Amino acid sequence: MTGSNKGIGYAIVRGLCKQFKGDVVLTARNEDLGKKAVQSLNEEGLSPKFHQLDITDQASIGRFGDFIKNTYGGIDVLVNNAGIAYKNDSTAPFGEQAEVTIKTNYFGTLAISNALFPLLRPHARVVNVSSMSSSFAIRKCSPEIQAKFMNPNITEEELTHLLNDFIQAAKNGDHEKKGYPNSAYGMSKVGVTVLSQIQHRQLSADPREDIILNACCPGYVDTDMSSHKGPKTIDEGADTPIYLALLPEGVKTPAGDFVAGRKAHKWNEYQYTP
């Protein structure tokens, strides 16, 4: 469980501790904050494990992968939740926001997935926490850019090229002229949503049986990331990710979908309703 010392990630850990028959590993970049989160859950009678993990640090990823392999030998559930967002009033240049946000939300998710996917056991469940922001952002792209992201056969290399092109355009100040929206976070989550479809295709062709991956939108949740403007509690936001993490063996759907409110949606058409 990446990015889980607070907010939705913390609530997902809490829910999995109550429902998953096995160890749940809470991770955080900051070791002190992660251990405090574990202590808080201990006070509720829950017993998550802790391990430091920064998905933008390859050495940290390597240590975590070794820990999982040596301790458990494999993974039954992986929830990729770690992410960042700049506040609306941030004074950081937009090019910087684009680069830093996509480095974490897209490239970090890709890096931890590449490290941990070889450890997935048959019947494993993978949940990539995306956002309604991906739906808003893709609709604000030009038709030409939309078509590239929506190509059902898009490759990981093509997706990475598009996101790097957005970053460079953001730095140059001509991203909107080139057909991209003015949202670094939205574009990072477009990356996560499209990556999820690519990863689903890859895992569907994998010889390991019944590995299912979905992307999801938790909704508009009261967290630090939303500046506490969302109407949903963190436990309400955690409901769909937990549902996907615990899909029973042999289910055929949802699989490779964008899921919100426990239902699959066409992500480019999704309209959030509280």
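Everything that follows concerns the structure shown earlier in this document.
Just so it is clear, the structure is predicted and the values come from calculations on it, not from any experiment.

Participant: Please explain the environment of arginine 63 as it appears in this structure.
Facilitator: Its place among the elements puts arginine 63 in helix 3 (residues 58-71). Remark: the alpha-carbon pair of arginine 63 and glycine 250, spanning 187 residues in sequence, is separated by 32 Å. Leaving out residues up to four positions away in the same chain, arginine 63 has contacts with His51 and Gln52.

Participant: Would you take a moment to explain the sheet that holds strand 5 (residues 212-217) for this structure?
Facilitator: Hydrogen bonding along the main chain pairs the strands of a sheet, whether they run parallel or antiparallel. As summarised here, the arrangement of the five strands in space is 3-4-5-6-7, forming an open sheet in which the pairing is mixed. The strands lining the two open edges of the sheet, one partner per strand, are strand 3 (75-80) and strand 7 (263-265). With direction set aside, neighbouring strand axes in the sheet form an average angle of 30°. As paired elements, strand 3 and strand 4 (residues 120-129) share five bridges and run parallel to each other. By the bridge assignment for strand 4, asparagine 80 is matched with asparagine 128. Helix 4 (residues 94-116) contacts strand 3 and strand 4 of the sheet and is inclined by roughly 175° relative to strand 3. The strands touched by helix 8 (residues 184-204) are strand 4, strand 5 and strand 6 (258-260); relative to strand 4, the strand with the most contacts, the crossing angle is about 165°.

Participant: What am I meant to see in the side chain of serine 4 here?
Facilitator: Secondary-structure assignment places serine 4 in the segment before helix 1 (7-19). Beyond its immediate sequence surroundings of up to four residues, serine 4 is in contact with Gly9, Tyr10, Val13, Leu26 and Thr27.

Calculation criteria
- Residues numbered from 1 in each chain as written.
- Predicted model: local features only at pLDDT ≥ 70, side-chain atom pairs only at ≥ 80, totals over all residues.
- Heavy atoms only, no water.
- Helix = DSSP H or I, 4+ residues; strand = E, 2+ residues; numbered from the N terminus.
- Contact = heavy atoms within 4.5 Å.
- Pairing = 2+ DSSP bridges.
- Axes fitted to C-alpha atoms, helices over the stretch in contact; angles between N-to-C directions.

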